[in-house]
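Chain by chain, the residues:
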Amino acid sequence: MSWRATILTLYPDMFPGPLGHSLAGRALADGTWALNAVNIRDFAADRHRTVDDTPAGGGPGMVLKADVVAAALDSVADGRPVLAMTPRGRPLTQGRVRALATSPGAIILCGRFEGFDERIFQRRAIEEVSIGDYVLSGGEMAALVVMDACVRLLPGVMGAASSGVEESHESGLLEHPHYTRPPEWEGLAIPEVLRSGDHARVARWRRAQSEADTRSRRPDLWDHHGDGRVQPPSGARQQKKEE
Ligand code: SAH
């Protein structure tokens, strides 16, 4: 059974969008995952197909109606986790992505305007997810982000080239920097150790870079890495002992 994403949106034409390309696009074409975009407007009850209304208490913008969103959601709910994209949600993490990628798929609600009537979250089991501390104009691009992060972890999508374990955030650390030919560019040489052919030295250097970069760039991650929440890859742990 393939991983199945169902998107509830006012703009179904935005999908698959960028996910129709490259690795995700190939995986979509070969059935590794499936995508279905449902128009929330199809569940409006009146002849004007109204999906939003003015905010109670006043103020600018419009609010997505709980009754219409619930009707759309109920039409596709089948036990898969239901996510709503909202800047008020819990920030997305690689750990959550990994768990979602091993579930049967996801149902993703995309907001527009001022967002959803809060009562939808009281009446349906919905996980509010944010992709970061900034505000987008709609949930569609956030949903694409969530799906992209999940799909690349599905078996076969990345190929043998990457197991994913060394990637930034997989171990709770940022990944080490990368270099490729030419060996010298604009007066900058590739670090000598990377051309030494000494795999153990390369591994130690990468681990040290990874730790130093995490400490300086992301002290917030550094403080929590190895909390038990995220485990470093076993290879990396061995290298740490060697040092
Ligand atoms: N008034 C809301 C913002 C609405 S933005 C507030 O201040 O909290 C419109 C829609 O864009 C949201 O309903 C949500 O679906 C999407 N969106 C905006 N920023 C987002 C973010 N950081 N993460 C996930 N979704 C986001």
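Cut-offs and rules
Note that residues are indexed from 1 along each chain, following the sequence as it is written. Where totals are concerned, whole chains, interfaces and linings use all residues; where local detail is concerned, this predicted model gives features only for residues with pLDDT of at least 70, and gives and counts side-chain atom pairs only at 80 or more. Hydrogens and water molecules were not included; the side-chain quantities draw on all heavy atoms of the structure. UniProt positions are given in the numbering used here, feature names are shortened, and annotations may be inferred rather than shown by experiment. Under the DSSP-based scheme used, a helix requires at least four consecutive residues in state H or I and a strand at least two consecutive residues in state E, with every element numbered from the N terminus. The criterion used for residue contact is that any of the two residues' heavy atoms lie within 4.5 Å. Partly exposed describes any residue whose relative accessible area lies between the buried limit of under 20% and the exposed limit of over 50%, with all areas from a 1.4 Å probe on protein chains only and scaled to the type maximum. In this scheme, patches are assembled from residues that exceed 30% relative accessible area and form no salt bridge. Like charges are connected within 9 Å, while nonpolar side chains (Val, Leu, Ile, Met, Phe, Trp, Tyr) are connected within 5 Å. In short, Shrake-Rupley with a 1.4 Å probe defines the accessible areas, and a residue's cover is counted only from the protein chains shown. The rule for a salt bridge is simple: a side-chain nitrogen of Lys or Arg has to be within 4 Å of a carboxyl oxygen of Asp or Glu.

In the nomenclature of an unreviewed UniProt entry, the protein chain is known as tRNA (guanine-N(1)-)-methyltransferase of Sandarakinorhabdus cyanobacteriorum. The UniProt entry for the protein chain carries this comment under Function (unreviewed entry): "Specifically methylates guanosine-37 in various tRNAs." Per its UniProt entry, the protein chain bears the Subunit (unreviewed entry) comment "Homodimer."

Some words on the UniProt feature "binding site: S-adenosyl-L-methionine" (unreviewed entry) in the protein chain
Those places that UniProt annotates as "binding site: S-adenosyl-L-methionine" (unreviewed entry) correspond, in this numbering, to Gly111, Ile131, Gly132, Asp133, Tyr134, Val135 and Leu136. When you line up the elements, Gly111 lands in the loop between strand S6 (105-110) and helix H4 (119-123). Excluding its chain neighbours within four sequence positions, the residues that come into contact with Gly111 are Leu64, Met85, Phe116, Gly138, Gly139 and Glu140. Mapped onto the secondary structure, Val135 falls in the loop between strand S7 (127-130) and helix H5 (140-151). With a relative accessible area of 70%, Val135 lands in the exposed category.

Some thoughts on a nonpolar patch on the surface
Taken together, Tyr134, Leu136 and Met141 make up a surface patch of nonpolar side chains, about 320 Å² in accessible area. Along the polypeptide, Leu136 turns up in the loop between S7 and H5.

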